[in-house]
Amino acid sequence: MKSAAENLSPTRVKLNVEVALDELKPNIDAAYKAVAEQIQVPGFRKGKVPARLIDQRVGRGYVLETAINEGLNDWYQQAVAETGIRPLSRPEVEITEVPDPAATEGELKFSVEVDVRPEIDLPDYAGLKVDVAAAEAGDEDVEKALDELRGRFGTLKAVDRPAQADDFLTIDLTAKVDGEEVDTASGLSYQVGSGTMLEGLDEAVTGLSADEETVFETKLAGGEHAGQDASVTVKVTAVKERELPEADDDFAQLASEFDTIAELREDLAKQAAQSKVVSQGVEARDKVLDKLVELVEVPVPEGVLTEQVEAHFNPENGGHAAGEDHDTEEHRAEVKANTERAFKNEVILDAIADKEEIGVSQSELIEYLVTTASQYGMDPNQFAQIMDQSGQVPMMVGEVRRRKALAAVLGKAEVTDSEGNAVDLSEFVKPAGEEVSEADESAEAEIVPSDDPAAAKF
């Protein structure tokens with residue numbers, strides 16, 4: 001078999017493939033056997049019909065067509081391996097020449113057009129300069145952390161006054177669209193200012209006392225009327241405020257391992273400082289990735305982009321239903337921009353991972369699986385089984401590998417804070433699963449990332 005790649009654009013390739021007739025023979029023999037199982041000829045057992053009779057009954061051309069259809073994918077995969085392209089979309093195949101069924105020589109010729117991952121030129125990314133916010137934790141950070149801790153042990157007390165920010169309300173809601181009631185709910189709990197229900201609800205309930213109600217205009221957020229304009233009546237049935245325990249030694253002993261409030265404050269100050277460093281790391285990571293995207297030109301396949309956007313809004317392909325996800329021109333533009341950016345991030349970080357020869361260990365993959373499972377509230381073993389059965393493990397390996405690639409670039413960056421101080425992010429960029437016991441090292445295997453287009457996560 002011969003194959004050659006012709007670049008149609010930076011993101012699309014045409015493969016020209018030639019398969020000699022003698023290479024078709026195994027497929028032709030297999031096709032004869034398959035057809036022999038499908039037809040019945042008097043005097044011959046099923047599956048034992050000679051080739052000459054099959055030619056008479058169905059024609060050698062049909063057999064040849066069957067052989068070609070069965071072999072196309074294998075020849076395509078062989079051409080992909082020979083040319084080294086990295087497909088991203090379904091191949092579009094055109095058969096341009098078929099050998100004469102009666103001839104003893106000839107060849108099959110076909111072409112394949114497919115979107116491919118573009119090749120990019122990486123800049124010298126060592127020493128990228130980024131600035132982040134200063135990390136010093138102040139007294140207000142400690143007080144905020146202490147108030148949050150006190151809030152966990154607080155109690156709700158009914159009050160006879162208008163609702164204000166941070167109060168806890170019990171409310172009833174009735175929604176109408178074009179004057180017709182479409183939804184109702186009662187006895188809902190809501191904290192003023194949380195913004196977790198409907199747009200405009202915070203403003204509507206502020207100032208209402210128990211047994212008072214008002215009407216406000218909003219867009220419904222869920223159900224079959226999601227995204228539609230509605231008039232919502234909200235009735236407050238109870239107003240409660242949270243009473244916080246005193247910040248004293250007794251509270252420190254109740255809420256922590258410390259005996260005094262001074263020790264608790266000192267520990268909260270340490271945690272606040274650590275949290276600031278993590279925030280610096282996240283800010284630096286995002287800014288480093290932004291700089292990489294600015295420095296590297298990454299062409300994006302329009303077909304792949306369109307396919308991903310359509311999948312987002314198509315519930316049959318696992319996307320969101322149009323009504324639930326506001327299928328508007330503005331939202332489509334937003335999804336398209338996010339998809340394009342995610343594609344560029346992936347291509348750049350994969351190229352860096354290749355250059356840095358980054359692999360993924362079993363411990364790193366397991367740690368990622370456990371973390372992701374917790375985000376979904378699932379048992380890690382059950383989550384791992386689902387990922388394995390759905391063929392998503394290569395995708396997760398690629399994600400871990402890209403995270404390590406970004407950490408490698410961040411580790412080489414020059415990071416300073418807003419006050420001009422150098423920022424040490426060595427702990428932040430330490431690869432996941434780095435600390436492995438000696439007993440585990442001998443059993444730990446490196447997982448090779450997959451180029452399977454199904455594993456590409458945009």
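Residues numbered from 1 in each chain as written. Predicted model: local features only at pLDDT ≥ 70, side-chain atom pairs only at ≥ 80, totals over all residues. Heavy atoms only, no water.

As for the confidence of the model for the protein
1) Next: Of the residues in the protein, 90% have a pLDDT of 70 or more, and the chain-wide mean is 85.
2) Next: Long-range and interchain partners of residues 432–458, a stretch whose pLDDT sits below 50, account for 43 contacts in this model, where long-range means more than four residues apart. (pLDDT = per-residue confidence, 0-100. Contact = heavy atoms within 4.5 Å.)

Quick look at the environment of Thr-260
1) Next: Here Thr-260 lies in the loop between helix 6 (249–255) and helix 7 (261–295).
2) Next: On the basis of relative accessible area, Thr-260 is assigned to the partly exposed category, the value being 27%.
3) Next: Taking the C-alpha atoms as reference points, Thr-260 and Asp-248, separated by 12 residues in sequence, lie 7.2 Å from one another.
4) Next: The residues contacting Thr-260, other than those within four sequence positions of it, are Asp-249 and Ala-252. (Helix = DSSP H or I, 4+ residues; strand = E, 2+ residues; numbered from the N terminus. Buried < 20%, exposed > 50% of the residue type's maximum accessible area, 1.4 Å probe, protein only.)

Describing helix 3 (residues 60–83)
1) Next: The end-to-end C-alpha distance of helix 3 is 32 Å, a good match for the 34 Å that 24 residues give at a rise of 1.5 Å each.
2) Next: Of all the bends found along helix 3, the most pronounced is centred on Gly-71 and spans about 45 degrees.
3) Next: Among all positions of helix 3, only Val-63, Leu-64, Thr-66, Ala-67, Ile-68, Gly-71, Leu-72, Trp-75, Tyr-76, Ala-79 and Val-80 are buried.
4) Next: The elements touched by buried residues of helix 3 are strand 1 (2–9), strand 2 (12–20), helix 1 (21–38), helix 2 (51–57), strand 3 (92–97) and strand 4 (107–115).
5) Next: Just beyond helix 3, the residue with positive phi is Gly-84, at close to 75 degrees. (Expected span 1.5 Å × (residues − 1). Bend = angle between axes of the 7 residues up to and from the residue.)

With respect to the nonpolar core
1) Next: If you look at the biggest cluster of nonpolar residues, it comprises 33 residues, and the most contacted ones within it are Val-288, Leu-292, Ile-348, Ile-352 and Val-415.
2) Next: Contributing elements (two or more residues each) for this core: strand 5 (129–132), helix 7, helix 8 (302–313), helix 9 (329–355) and helix 12 (393–412).
3) Next: For this core, the element with the highest residue contribution is helix 9, accounting for 7 residues.
4) Next: In this structure Ile-352 touches Leu-122, Tyr-125, Leu-292, Ala-405 and Val-409, once residues within four positions along its chain are discounted.
5) Next: In terms of nonpolar packing, the next biggest core, distinct from the first, is built from 32 residues, Val-13, Ala-31, Leu-64 and Val-114 among them. (Core = buried A, V, L, I, M, F, W, Y, C linked by side-chain atoms within 4.5 Å.)

With respect to the pattern of salt bridges
1) Next: Inspection of the entire model under this criterion finds 29 salt bridges.
2) Next: Measuring nitrogen to oxygen at the nearest pair gives 2.6 Å for the salt bridge that ties Arg-117 to Glu-346. Here Arg-117, found in the loop between strand 4 and strand 5, pairs with Glu-346, found in helix 9; they are 229 residues apart in sequence, far enough to count as distant.
3) Next: Between Asp-354 and Arg-401 there is a salt bridge, with its nearest N and O atoms 2.6 Å apart. Of the two residues, Asp-354 is situated in helix 9 and Arg-401 in helix 12; the sequence distance between them amounts to 47 residues.
4) Next: Since its relative accessible area comes to 39%, Asp-354 is described here as partly exposed.
5) Next: Judged by its relative accessible area of 8%, Arg-401 is buried.
6) Next: Salt bridges sharing common partners tie together Lys-157, Arg-161, Asp-167, Glu-241 and Glu-243. (Salt bridge = Lys/Arg side-chain N within 4 Å of Asp/Glu carboxyl O.)

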